[in-house]
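Read off the chains here:
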Protein chains: 2
Amino acid sequence: MPSYITPQREMRFVANELLNLPEHYASLPGCEETTDDIIEAVIDAASTFSEEVIAPLNQVGDQQGCRLEGDTVITPDGFKEAYKEYVDGGWPSLANDPDWGGQGLPDSLSIIVNESVGTANWSWSMYPLLSHGCTKTIETHGTDEQKQIYLPHLVNGNWTGTMCLTESHCGTDLGLLRTKATPQDDGSYEIKGTKIFISSGEHDMAENIVHIVLARLPDAPAGTKGISLFIVPKFLPDSDGNVADRNQVSCGSLEHKMGIHGNATCVMNFDGAKGFLIGEPNKGLSCMFTFMNSARLGTAMQGVAHAEWAFQNSLAYAKDRLQMRSLTGPKAPDQPADPIIVHPEVRKLLLTQKAFVEGNRALAYFTAMQVDISKHTTDEAAREHAEGLLAFLTPICKGFFTEVGFEAANHGLQVFGGHGFIAEWGMEQNVRDSRISLLYEGTTQIQALDLIGRKVLMTQGESLKRFTKIIHLFCKEHAGDKAMKPFVEPLAALNKEWGDLTMKIGMKAMKNKDDVGAASVDYLMYAGYVAVAFMWAKMAKAAQDHLANSDSERAFYEAKITTANFYYQRILPRTLSLKETMLSGADNLMDLDAEHFSF
Amino acid sequence: MPSYITPQREMRFVANELLNLPEHYASLPGCEETTDDIIEAVIDAASTFSEEVIAPLNQVGDQQGCRLEGDTVITPDGFKEAYKEYVDGGWPSLANDPDWGGQGLPDSLSIIVNESVGTANWSWSMYPLLSHGCTKTIETHGTDEQKQIYLPHLVNGNWTGTMCLTESHCGTDLGLLRTKATPQDDGSYEIKGTKIFISSGEHDMAENIVHIVLARLPDAPAGTKGISLFIVPKFLPDSDGNVADRNQVSCGSLEHKMGIHGNATCVMNFDGAKGFLIGEPNKGLSCMFTFMNSARLGTAMQGVAHAEWAFQNSLAYAKDRLQMRSLTGPKAPDQPADPIIVHPEVRKLLLTQKAFVEGNRALAYFTAMQVDISKHTTDEAAREHAEGLLAFLTPICKGFFTEVGFEAANHGLQVFGGHGFIAEWGMEQNVRDSRISLLYEGTTQIQALDLIGRKVLMTQGESLKRFTKIIHLFCKEHAGDKAMKPFVEPLAALNKEWGDLTMKIGMKAMKNKDDVGAASVDYLMYAGYVAVAFMWAKMAKAAQDHLANSDSERAFYEAKITTANFYYQRILPRTLSLKETMLSGADNLMDLDAEHFSF
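Residues numbered from 1 in each chain as written. Chains lettered and ligands numbered in written order. Predicted model: local features only at pLDDT ≥ 70, side-chain atom pairs only at ≥ 80, totals over all residues. Heavy atoms only, no water.

### Details of the overall build of chain A
Helices and strands together make up the secondary structure of chain A, namely 21 helices and 11 strands. A compact globule built from 599 residues would reach a C-alpha radius of gyration of about 25 Å, and chain A, at 24 Å, matches this within 12%. Overall, the C-alpha framework of chain A stretches about 80 × 65 × 60 Å when taken along its three principal axes. When each of the 599 residues of chain A is scored for burial, the buried share is 64%. Sequence separation of 24 or more characterises 73% of the internal contacts of chain A that already satisfy a separation of 6 or more. Carbon and sulfur atoms provide 51% of the accessible area of chain A, an area that totals close to 21,100 Å². (Helix = DSSP H or I, 4+ residues; strand = E, 2+ residues; numbered from the N terminus. Rg over C-alpha atoms; globule rule 2.2 N^0.38 Å. Buried < 20%, exposed > 50% of the residue type's maximum accessible area, 1.4 Å probe, protein only. Contact = heavy atoms within 4.5 Å. Areas by Shrake-Rupley, 256 points an atom, 1.4 Å probe, with all protein chains shown as cover.)

### Looking at the relation of the copies chain A and chain B
Rotating chain A by 180 degrees about the axis while translating it 0.0 Å along that axis superimposes it on chain B, leaving an RMSD of 0.0 Å. Taken together, these values place the two copies in the relation of a two-fold axis. Most of the interface of chain A is mirrored in chain B: 100% of its interface residues are interface residues there too. (Least-squares fit on C-alpha atoms with pLDDT ≥ 70 in both.)

### Comments concerning the packing of helix α6 (residues 107-120) of chain B against helix α12 (residues 344-376) of chain B
Residues and elements named next belong to chain B. One can describe the packing of α6 onto α12 by two numbers: an axis separation of 7 Å at closest approach and a directional angle of 145 degrees. On the side of α6, the interface is formed by Asp-107, Ser-108, Ile-111, Ile-112 and Glu-115, while α12 contributes Arg-361, Tyr-365, Ala-368, Met-369, Val-371, Asp-372 and Lys-375. For the contact of α6 with α12, the residue count by class is 6 nonpolar, 1 polar and 5 charged. (Axes fitted to C-alpha atoms, helices over the stretch in contact; angles between N-to-C directions. Nonpolar A, V, L, I, M, F, W, Y, C, P; charged D, E, K, R; others polar.)

### Structural notes on helix α17 (residues 485-511) of chain B
Residues and elements named next belong to chain B. Relative to the 39 Å expected for 27 residues at 1.5 Å per residue, α17 spans 40 Å between its end C-alpha atoms, a close match to the ideal helical length. Of the residues making up α17, those classed as buried are Phe-487, Val-488, Leu-491, Leu-494, Asn-495, Glu-497, Trp-498, Leu-501, Thr-502, Ile-505, Gly-506 and Ala-509. Where α17 is buried, its residues touch α13 (380-415), α15 (444-456), α16 (462-477), α18 (514-549), α19 (554-571) and α20 (574-582). (Expected span 1.5 Å × (residues − 1).)

### With respect to the side chain of B:Thr367
Residue and element names in this part refer to chain B. With respect to the helices and strands, Thr-367 occurs in helix α12. For Thr-367, a relative accessible area of 0% gives the class buried. A distance of 2.7 Å separates a polar side-chain atom of Thr-367 from the backbone oxygen of Leu-363. Once residues lying within four places of it in the same chain are set aside, the contact partners of Thr-367 are Leu-297, Leu-390, Leu-393 and Cys-397. (Polar contact = N/O pair within 3.5 Å; in protein donor to acceptor, adjacent residues only side chain to side chain.)

### Topic: the pattern of salt bridges
Pairing between side chains of opposite charge can happen when their charged atoms approach one another. For the structure shown, the criterion picks out 72 salt bridges over all chains. Between A:Lys348 and A:Glu345 there is a salt bridge, with its nearest N and O atoms 3.2 Å apart. With A:Lys348 and A:Glu345 both in helix α12 (residues 344-376), this residue pair falls 3 residues apart, about one helical turn. Pair check on accessibility: A:Lys348 and A:Glu345 agree, each one buried. Salt-bridge contacts for B:Glu17 lead to B:Arg9; the nearest nitrogen and oxygen are separated by 3.1 Å. (Salt bridge = Lys/Arg side-chain N within 4 Å of Asp/Glu carboxyl O.)

### Notes on the packing of aromatic side chains
In the structure shown here, the tally under the stated rule is 53 aromatic pairs over all chains. Ring centres of A:Phe49 and A:Tyr86 lie 5.6 Å apart, and the angle between their planes is 40 degrees; on these two criteria the pair is classed as tilted. You can see A:Phe49 sitting in helix α3 (residues 36-54) and its partner A:Tyr86 sitting in helix α5 (residues 79-88), a full 37 residues away along the chain. Like A:Phe49, the residue A:Tyr86 is buried in the burial classification. Look at B:Tyr83 and B:Trp124: their rings are 6.4 Å apart centre to centre, the planes differ by 55 degrees, and that puts the pair in the tilted class. With B:Tyr83 in helix α5 (residues 79-88) and B:Trp124 in helix α7 (residues 122-129), the pair connects residues that are 41 residues apart, well separated along the chain. The class for B:Trp124 is buried, based on a relative accessible area of 0%. Grouped by ring-pair contacts, the aromatic residues A:Phe366, A:Phe392, A:Phe467, A:Phe474, A:Trp498 and A:Phe534 constitute a single cluster. Stacked on the ring of A:Phe556, the Lys or Arg A:Arg9 has its end atom at 4.2 Å from the ring centre. (Phe/Tyr/Trp six-rings, centres within 6.5 Å; stacked < 30°, edge-to-face > 60°. Lys NZ or Arg CZ within 6 Å of the ring centre and 35° of its normal.)

### Focus on the environment of A:Leu576
By secondary structure assignment, the location of A:Leu576 is in helix α20 (residues 574-582). The class of A:Leu576 is partly exposed, set by a relative accessible area of 35%. In this structure, the C-alpha to C-alpha distance between A:Leu576 and A:Asp240, residues 336 residues apart in sequence, is 63 Å. Leave out the neighbours within four places in its chain, and A:Leu576 touches B:Leu576, B:Ser577 and B:Glu580.

### Section: the packing of helix α18 (residues 514-549) of chain A against helix α19 (residues 554-571) of chain A
Two quantities define a packed helix pair, namely the angle between the axes and the distance from one axis to the other. All names here are of chain A. One can describe the packing of α18 onto α19 by two numbers: an axis separation of 9 Å at closest approach and a directional angle of 150 degrees. Compared by their axis directions, α18 and α19 come out roughly antiparallel. Helix-helix and strand crossings are classified by hand; for α18 and α19 the assignment is left-handed. Partitioning the contact of α18 with α19 into residue classes produces 16 nonpolar, 4 polar and 3 charged. (Parallel < 35°, antiparallel > 145°, perpendicular 65-115°, else oblique. Left-handed = near helix turned anticlockwise from the far one by under 90°.)

### Some thoughts on empty space enclosed by the protein
Taken as a whole, this structure holds 4 cavities of 30 Å³ or more when the rule is applied. Taken as a whole, the largest cavity holds about 1,600 Å³ of empty space. Along its surface, the largest cavity is lined by 49 residues, and A:Glu407, A:Arg574, B:Glu407, B:Tyr529 and B:Arg574 are the ones closest to its centre. Its residues assigned to classes, the lining of the largest cavity comprises 19 nonpolar, 14 polar and 16 charged. Considering only enclosed or pocket space, the second largest cavity measures out at about 70 Å³ in volume. Along its surface, the second largest cavity is lined by 13 residues, and B:Asn58, B:Thr119, B:His306, B:Trp309 and B:Asn430 are the ones closest to its centre. (1 Å grid on protein atoms, 1.4 Å probe; cavity = no way out; pocket = protein on both sides within 12 Å on 5 of 7 lines; lining within 4 Å. Points joined across faces, edges and corners; volume = space filled by probe spheres on them.)

### Some details on the interface of chain A and chain B
Counting residues at the interface gives 95 residues for chain A, matched by 95 residues for chain B. For the pairing of chain A and chain B, the buried interface totals around 8,400 Å² over both sides, and the portion due to carbon and sulfur atoms is 64%. When the buried area of chain A at its contact with chain B is split by residue, A:Phe421, A:Arg570 and A:Phe597 rank highest and sum to 10% of it. Counting across the chain A and chain B interface gives 6 salt bridges. The residue B:Lys348 makes a salt bridge to A:Asp522 at a minimum N-O spacing of 3.3 Å. The interface formed by chain A and chain B includes 56 residue pairs in polar contact (both at pLDDT 80 or more). Residues of the side of chain A that touches chain B, tallied by class, amount to 44 nonpolar, 30 polar and 21 charged. (Buried area = accessible area lost by both parts, 1.4 Å probe.)

Okay, here's the thing in structure tokens:
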């Protein structure tokens with residue numbers, strides 16, 4: 001049976017030693033109280049909760065799934081009780097505004113907590129995490145009355161929230177949506193329509209569920225400019241803000257799906273439900289974009305989560321499973337065979353997982369720091385810089401982490417050989433659960449277009465330069481450092497090449513816009529490999545500094561350098577192929593007539 | 001709901017136009033009667049059976065799975081009836097020896113049939129296909145009496161067979177196996193032990209099941225040199241060869257697994273079962289190796305199967321699903337959005353699937369021709385050449401096809417966006433079903449070691465040269481052909497580089513054997529990309545020749561050239577990274593102490 005231990009040492013290395021979060025928090029108004037003691041205590045408590053309460057429910061959730069009884073969704077055994085414990089522990093309020101009962105801790109700290117909870121049991125974690133979008137929408141765009149009615153309950157976790165966007169004929173292209181909102185005499189709206197893929201849309205864990213629904217007013221313009229947002233609670237609150245009448249919104253069915261069985265993916269029927277307009281009419285979509293970056297960063301963490309789960313469990317198996325002898329002679333001569341960790345290709349599977357987990361974690365926390373800055377700084381230039389970095393790094397984190405997270409989950413399974421295919425070991429569930437992360441919150445292809453189109457080319461490359469400048473300064477600073485040469489030299493070269501490639505694609509795009517699309521996923525992956533290479537260079541430097549000054553935990557720091565070497569020699573060369581293919585143009589994709597793909 | 005149509009036009013292109021199977025058969029003693037009429041009729045009949053009988057059971061099989069009642073395994077609804085139809089149609093006997101009731105058709109033709117049947121429903125196809133190893137073992141190593149008792153029933157399909165190798169503590173490393181065979185006074189053996197992962201080990205489709213069991217005699221030497229083979233039938237045949245007493249072999253449980261739910265993966269308990277020695281004592285493992293190449297080629301086809309299923313269904317979806325507008329302006333202005341096939345990255349997902357399916361199919365059929373030659377030719381040099389090619393190409397086909405087959409299955413799912421994750425569309429089943437192919441019959445890592453170690457380095461590169469010489473001659477022949485330049489130039493360069501890389505790795509290996517292991521999977525994938533590039537060059541040439549001489553079906557042949565271009569420009573550059581990483585040495589994998597992978 002698989003298990004999970006929160007990698008606290010790794011988290012603390014990134015949080016304290018690599019990124020110096022205590023100093024970062026000390027510099028931000030409103031975050032000063034998040035001292036290293038607080039960070040330590042939060043990581044510690046989150047680990048206990050994740051390991052003892054949530055992780056043991058991960059396999060149960062997969063096996064039992066959710067079931068619909070009448071219009072009630074019954075979650076797997078233990079899910080409800082775990083959620084009560086989560087609420088009692090005050091976890092939902094962690095990074096929320098103190099005005100509504102939140103603890104006001106920085107977002108980057110909640111990313112660390114969410115990594116632990118999400119890795120332990122991603123399906124379960126989606127129930128509380130999905131409230132995020134709902135809470136932020138009301139906080140940012142709601143009236144004072146709406147805030148007072150909904151936010152305290154959402155922040156303390158007694159109520160959960162959803163975002164109801166997708167309809168069966170439109171996911172990516174929300175401009176096509178058909179759900180209707182008709183104004184009523186009392187100022188409310190009657191909502192009619194069907195939404196699909198609503199994660200945590202219905203369940204038995206909270207007193208009430210607050211849906212944010214995208215719908216059209218009767219006179220709304222076509223397309224994305226005619227979408228408005230509505231609050232549609234499962235139970236209508238009475239004048240005291242307590243749950244009262246059942247609203248006409250219900251779960252019509254549950255999707256039967258590849259993974260995340262423990263989370264209810266609902267078809268939601270709005271049969272004349274009472275809804276309340278939030279924000280300006282017809283501005284719904286742009287309202288939602290205001291916090292999409294932080295939401296997508298949350299999904300990006302799923303890539304880290306499944307890679308970590310895969311790594312921990314496949315590492316344990318690789319040390320334990322005896323099979324064949326090392327090519328260089330027996331390593332465990334007293335055993336009938338060597339543990340499979342002696343074989344180079346098994347190590348490659350393990351190190352690939354390890355390098356992605358640790359590199360992506362570092363980039364995720366770095367990106368989350370930009371959320372902190374953009375929210376809390378009083379320095380306008382710093383805010384702009386952080387917002388720009390966040391906008392740029394978000395599609396990279398979402399697209400790249402989930403792609404390589406799925407790869408890592410598969411490597412973990414592969415280490416188990418045939419046993420990896422068998423449910424009891426938990427590795428195949430991990431692969432199935434991870435597959436969704438490449439699809440929801442915008443597919444990899446959508447992230448790629450967002451990155452190269454919206455973020456890079458539409459800013460004339462400014463957003464790219466903001467990041468490559470940081471890398472450039474790092475490389476310049478350590479250019480004379482001999483021990484850093486294996487990292488700084490290739491990193492500096494790739495950093496320059498990144499700009500050159502961007503320029504070339506931009507030039508092509510002026511002649512044929514399809515050249516942007518045709519380069520986009522390769523560009524996204526290239527960006528991911530280089531950004532994570534920067535993190536590995538930073539980690540190698542931090543490790544070298546420690547080793548030069550201290551004798552403590554030498555093996556830990558030496559492993560960082562060894563893994564950095566692995567990343568640079570075994571993973572980073574993937575950029576060679578990506579460079580070639582991203583420049584190969586649109587013709588090799590567009591030449592074939594749609595009717596001639598098959599005969 | 002997903003569906004499948006046998007790609008007959010594609011199969012005929014490869015069989016008749018590219019590889020000229022009719023001429024190939026005409027040149028082989030015993031195959032002369034397999035004229036183009038026969039080929040045509042067999043493909044046609046197999047297609048009807050696959051499309052009408054088996055494909056409709058694919059999703060049923062996944063949803064229902066198998067269940068164990070007492071010691072009987074009940075297969076999903078319709079499986080038993082379909083098997084009866086398969087037997088009645090004479091399919092099991094297709095490529096078997098006429099001496100035992102077979103039709104004596106060439107193996108390469110049965111590969112074509114198996115592609116159709118296997119793509120339609122891989123889980124179902126494993127019931128008849130698993131008999132292959134059993135039949136071949138008895139045919140090659142059995143006594144006359146054993147042949148007379150078992151072969152007619154196995155060949156006509158009334159009985160099925162299995163291979164019982166794996167035990168819970170040993171899969172790859174069969175030398176560790178513990179199942180015991182104790183000689184009895186009547187010349188039989190008492191078999192005691194437990195085997196796992198026995199595909200089709202128990203089911204309700206055939207009158208009897210014949211297990212070939214690997215076990216140890218009491219005085220057997222340790223390791224792989226102490227393994228013997230035994231025939232252990234479910235029902236012991238009486239003196240007339242009819243089923244009589246139930247033997248002490250039974251299914252203890254069914255594995256709960258990621259995919260291929262329709263196929264029963266059994267734990268088989270041998271509780272003092274009566275077994276009959278087959279072949280020499282202690283020579284069991286080498287007996288099995290005699291036909292492992294053709295068995296592995298059968299598994300390689302699973303890579304083609306899932307890629308084809310993914311391609312057909314995702315292509316249909318991409319033409320149908322309307323979402324967003326093309327970056328270069330509306331392509332379906334009368335519709336609310338364009339079909340997603342207008343987007344370059346959707347096309348990349350589709351073309352990647354297409355290029356792998358068609359390229360791998362061509363290489364598979366080419367490899368299957370070597371089976372024909374090695375079996376039927378009377379020319380000793382030709383036999384040796386074919387056997388060498390077969391031995392060399394088998395791990396490439398098994399390892400490469402299944403790796404990129406899994407990739408293709410995932411691309412198919414990705415085209416569906418969020419719907420790809422939902423069971424009803426069938427794409428997630430296809431991904432789950434395909435995952436096993438990278439594990440059984442030797443993992444990718446084992447294929448890689450087989451290729452670079454056993455096949456290439458142990459023959460001092462002879463087996464590689466046998467193949468690269470064919471490519472070299474092709475490139476030389478078409479060196480002056482301007483239209484072939486985009487293919488011949490890069491192919492010739494890679495073909496030469498392949499030899500250089502092999503030499504470099506061989507040199508490294510003399511110092512450190514781990515350098516072979518450390519290069520192996522990259523080498524395998526490199527080999528696959530180049531071998532398939534050769535097939536795409538050949539296909540481009542065949543298409544150009546047709547277009548120069550005929551006006552018929554121009555779109556079909558033009559699509560071949562377009563897809564060849566795609567392969568060369570978008571897929572083949574992956575060799576750039578592989579070249580770099582395979583030469584990066586073992587240190588970056590071996591430096592980290594096993595105890596320092598995590599802290």
